[in-house]
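# Report on the structure
What follows is the residue order along each chain.
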Amino acid sequence: MPLEPKISVNEREFLLDALRQNLRLSGRKLDALRPLSITFDPDDYGVTEVQLGKTRIRAHTQTTITNPPPSRPFEGTLTITAELSPLTAPHFELARPSDTEALLSRLLEKSIRRSGALPVESLCLLAGDKCFNLRVTVHVLAHDGGLPTAAFVAVLASLMTSRVPATEVRGGEVQVFTAEEREGVRLQLVHVPIAVGVSVFDGGAIGVVDADGMEEQAREGEVVVVGNEVGEICGVTKWGGVDVGAVELVGMVEEARKQCEGVVKWLKGKVEEEEKRRAKRDHAGERSAENQR
Amino acid sequence: MAYSDVLLPGDEVPQEQLPSNPKKALSIGPGLRHIPPSTISATSVGALNVDWRRNAAWMDVNGGRYLPSTNDPIIVRVTGSSGEAFNCQITPYTSYAALPHLSFQDATKKTRPQLANGALVYARIATPAAHLLHIDPELTCIDPSTGKSEGLGPLKGGMLFKISLGMARRLLMTSKRAKEDAKIIILDRLGEKWGFEVAVGRNGYLWVDANDIQRTMAVGRAITEVDEQGLVVQEQEALAQKVLKQG
């Protein structure tokens, strides 16, 4: 089994010394994210690719119609699967999930699905009988740190641009229309949570936003903050590592919260831009139901 | 980079571009193939390089993975010590190379360097891997002709930067032999004003130590920029001016 390449002592010490002088190897400020970019599949709905520095993540949403779970007859289902495969780096194996993968999928699950970002009631078609099952698959194409941020942006962008087929219920029968018959329906998200990680160095004294791969190897802990567009904190996670004092922690969370707000605003702008482009291409104005007949 | 003679696989090398020293046999290096009686054709994409004095021709390709070959200076990371040698990693995901405890200058069993896990060493390849015999490469920090270290040995402090294999080769090539558009002058320009140490590993690593974090970073970043953007000599001059002004 190939081992993950570790950084050398020299690099670790240099990074730490530099951080003590408020310097980062990339030339970024301690509280700056790497440049984010997003591309949407021009022909398909809900397929996005996000690039954060050298980290690249692709997400896509698939919709199927199933029976709702008996315990929750009025709800549809949303599943998010994140897998790190040898495609990402040779030391990730499919059969043996790594910690990185477990933590990533747990975070996505917790902060998107369980926080109710997408009201699953809206996915119900016929109580106890038919519902939509949304499945978001996350592929990490390149891993250079900052997986949570990139994965959240990818998943939410995918959900925001995906469509569920238009349906009609008549006398207990569900009729599903194809995209040609009737345009699909956009999902209604309650809020858009985004994760930003603050990596902890120097025994908890230094907090660094959006660590890259090398910084992630040298760090002593991480605080992941999930925030949304209105500046609410949806979740704070710290998986082990060094202790962080209360005052420092509050500072880090506040810093990350601000970053989350910025990312969500940027993402919403990008999604709207994409929707406008699609509407123009598909001549949505001419087909609108509001038009004179 | 503006190369004048880029060849594609299968392209025939024109006779007039090959060196024609009547006294020596023509030696062809990687990327070229001899098809008898007298055709030389390219087997990979790249730029044709010729050495008229040594009557040699080879293709220069900036890509692929590093394959250890004898006498290459490389920067390795110590991953552990077993018996009589340190285990060293040359490139990620490849088997370890052995660096014997006694292959440092003036090393005896008592005075051998104590290298921790993760230490960096500038070493030379004594014997490359022999895959069929399952022998891993062996490294040394001694020049066999003088018995001295000749600059090889443990690297203390500083910072490691990743560079492309082509860049590493260009940095190690003396500027006299390099083609005009492959010359690297940025280190000379920065070295005129600043004092710093560098070590170039043919396995795609550059170690820089300027005894100052900002300067070490500036030198490393400048080289990485030259590498990634393929800056030619004039652009390197401009970059050096910019870097010196900021630092």
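Please read these numbers as outputs of a predicted model, since none were measured by experiment.

## Topic: the sheet that holds strand β15 (residues 205–209) of chain B
All names here are of chain B.
- Within the open sheet, the three strands sit side by side as β13-β15-β14. Their pairing is antiparallel. If you trace the sheet from one side to the other, it starts and ends with β13 (159–162) and β14 (197–201), each paired once. This sheet shows a mean twist of 20° between the axes of neighbouring strands, independent of strand direction.
- The pairing of β14 with β15 spans five bridges and is classified as antiparallel. Each residue of the ladder has a partner; that of A199, found in β15, is W207.
- The strands that helix α3 (residues 213–229) touches are β13 and β15; relative to β13, the one it contacts most, it runs at about 10°.

## Remarks on the pattern of salt bridges
All names here are of chain A.
- One pass over the structure, following the stated rule, counts 32 salt bridges over all chains.
- Put simply, D129 and K130 hold a salt bridge, and the shortest N to O gap is 3.8 Å.
- Among the residues examined, D129 registers a relative accessible area of 31% and is labelled partly exposed.
- Of the charged contacts, one joins R163 and E275 as a salt bridge, the two residues approaching to 2.8 Å between their closest N and O atoms. With a gap of 112 residues between them, R163 in strand β7 (residues 163–164) and E275 in helix α5 (residues 246–281) connect regions that are remote in the sequence.
- Note on R163: relative accessible area 16%, which makes it buried.
- Through salt bridges that share partners, R24, R28, R34, D144, D210 and E215 make up one connected network.

## Considerations on the domain arrangement of chain B
Residues and elements named next belong to chain B.
- Segmenting chain B into domains produces domain 1 (6–60), domain 2 (73–155) and domain 3 (159–246).
- Relative to domain 3, the C-alpha centre of domain 2 lies at a distance of 25 Å.
- Counting from both sides, the interface comprises nine residues of domain 2 and, opposite them, 10 residues of domain 3.
- Of the roughly 780 Å² buried at the junction of domain 2 and domain 3 (both faces included), carbon and sulfur atoms supply 72%.
- Looking only at domain 2, the three residues that lose the most surface to domain 3 are P73, I75 and L155, adding up to 54% of its buried area.
- Taken together, domain 2 and domain 3 are joined by zero salt bridges.

## Topic: the confidence of the model for chain B
All names here are of chain B.
- For chain B, the average pLDDT comes to 88, and 95% of its residues sit at 70 or higher.
- Across chain B, β15 holds the top mean pLDDT of 96, while strand β5 (residues 46–51) sits lowest at 83.
- For this predicted complex, the interface confidence comes out at an ipTM of 0.87, alongside a pTM of 0.88.

## A few points about the packing of aromatic side chains
Residue and element names in this part refer to chain B.
- For the structure shown, the criterion picks out one aromatic pair over all chains.
- Pairing F86 with F104 gives two aromatic rings, centres 6.2 Å apart and planes at 80°, and the pair type is edge-to-face. Taken together, the residues span a long stretch of sequence, with F86 in strand β8 (residues 85–89) and F104 in the loop between β9 (97–100) and β10 (120–127) at a distance of 18 residues. We note that F86, like F104, is buried.
- In this structure, K162 is placed above the aromatic ring of Y205, and the distance from its NZ or CZ to the ring centre is 4.6 Å.

## Looking at helix α2 (residues 186–193) of chain B
Residues and elements named next belong to chain B.
- Listed in full, the buried residues belonging to α2 are I186, L187 and L190. Looking down the long axis of α2, one finds its buried residues gathered within 95° of arc, a one-sided arrangement.
- Next to the buried residues of α2 lie α1 (165–172), β14, α3 and α4 (233–246).

## A closer look at the layout of surface pockets
Residue and element names in this part refer to chain B.
- The space that makes up the second largest pocket amounts to roughly 740 Å³.
- For the lining of the second largest pocket, the leading source of residues is strand β6 (residues 56–60), giving five residues.
- For the lining of the second largest pocket, the class distribution of residues is 13 nonpolar, six polar and seven charged.
- The residues that make up the lining of the second largest pocket include at least three from each of domain 1 (6–60) and domain 3 (159–246).

## Some details on the environment of V226(A)
Residue and element names in this part refer to chain A.
- Mapped onto the elements of the fold, V226 is located in strand β13 (residues 221–227).
- Classification of V226 by relative accessible area gives buried; the value is 0%.
- Considering only alpha carbons, one finds V226 and F74, 152 residues apart in sequence, at a separation of 28 Å.
- Residue contacts for V226: discarding those within four places in its chain leaves S111, F152, P193, I194, A195, E232, I233, C234, G235 and C260.

## Looking at the sheet that holds strand β2 (residues 27–28) of chain B
Residue and element names in this part refer to chain B.
- Read across the sheet, four strands follow the order β1-β5-β6-β2 without closing on themselves; strand pairing throughout is mixed. Unpaired on one side and paired on the other, β1 (6–7) and β2 mark the two borders of the sheet.
- For β1 and β5, the ladder comprises two bridges, and the chain directions are antiparallel. Bridge pairing links V6 to A47 in β5.

## Re the packing of helix α1 (residues 9–20) of chain A against α3(B)
- Viewed as axis vectors pointing N to C, α1(A) and α3(B) meet at an angle of 120°, and their least axial separation amounts to 10 Å. With respect to their mutual orientation, α1(A) and α3(B) come out oblique. Crossing of α1(A) over α3(B) shows left-handed handedness. Along its contact with α1(A), which presents F14(A), D17(A) and A18(A), the element α3(B) presents I213(B), T216(B) and M217(B).
- When its residues are assigned to classes, the contact of α1(A) with α3(B) shows four nonpolar, one polar and one charged.

Reading the values: the criteria
- Residues numbered from 1 in each chain as written.
- Chains lettered and ligands numbered in written order.
- Predicted model: local features only at pLDDT ≥ 70, side-chain atom pairs only at ≥ 80, totals over all residues.
- Heavy atoms only, no water.
- Pairing = 2+ DSSP bridges.
- Helix = DSSP H or I, 4+ residues; strand = E, 2+ residues; numbered from the N terminus.
- Axes fitted to C-alpha atoms, helices over the stretch in contact; angles between N-to-C directions.
- Contact = heavy atoms within 4.5 Å.
- Salt bridge = Lys/Arg side-chain N within 4 Å of Asp/Glu carboxyl O.
- Buried < 20%, exposed > 50% of the residue type's maximum accessible area, 1.4 Å probe, protein only.
- Domains from an automatic or database assignment.
- Buried area = accessible area lost by both parts, 1.4 Å probe.
- pLDDT = per-residue confidence, 0-100.
- Phe/Tyr/Trp six-rings, centres within 6.5 Å; stacked < 30°, edge-to-face > 60°.
- Lys NZ or Arg CZ within 6 Å of the ring centre and 35° of its normal.
- Arc of directions from axis to C-beta.
- 1 Å grid on protein atoms, 1.4 Å probe; cavity = no way out; pocket = protein on both sides within 12 Å on 5 of 7 lines; lining within 4 Å.
- Points joined across faces, edges and corners; volume = space filled by probe spheres on them.
- Nonpolar A, V, L, I, M, F, W, Y, C, P; charged D, E, K, R; others polar.
- Parallel < 35°, antiparallel > 145°, perpendicular 65-115°, else oblique.
- Left-handed = near helix turned anticlockwise from the far one by under 90°.

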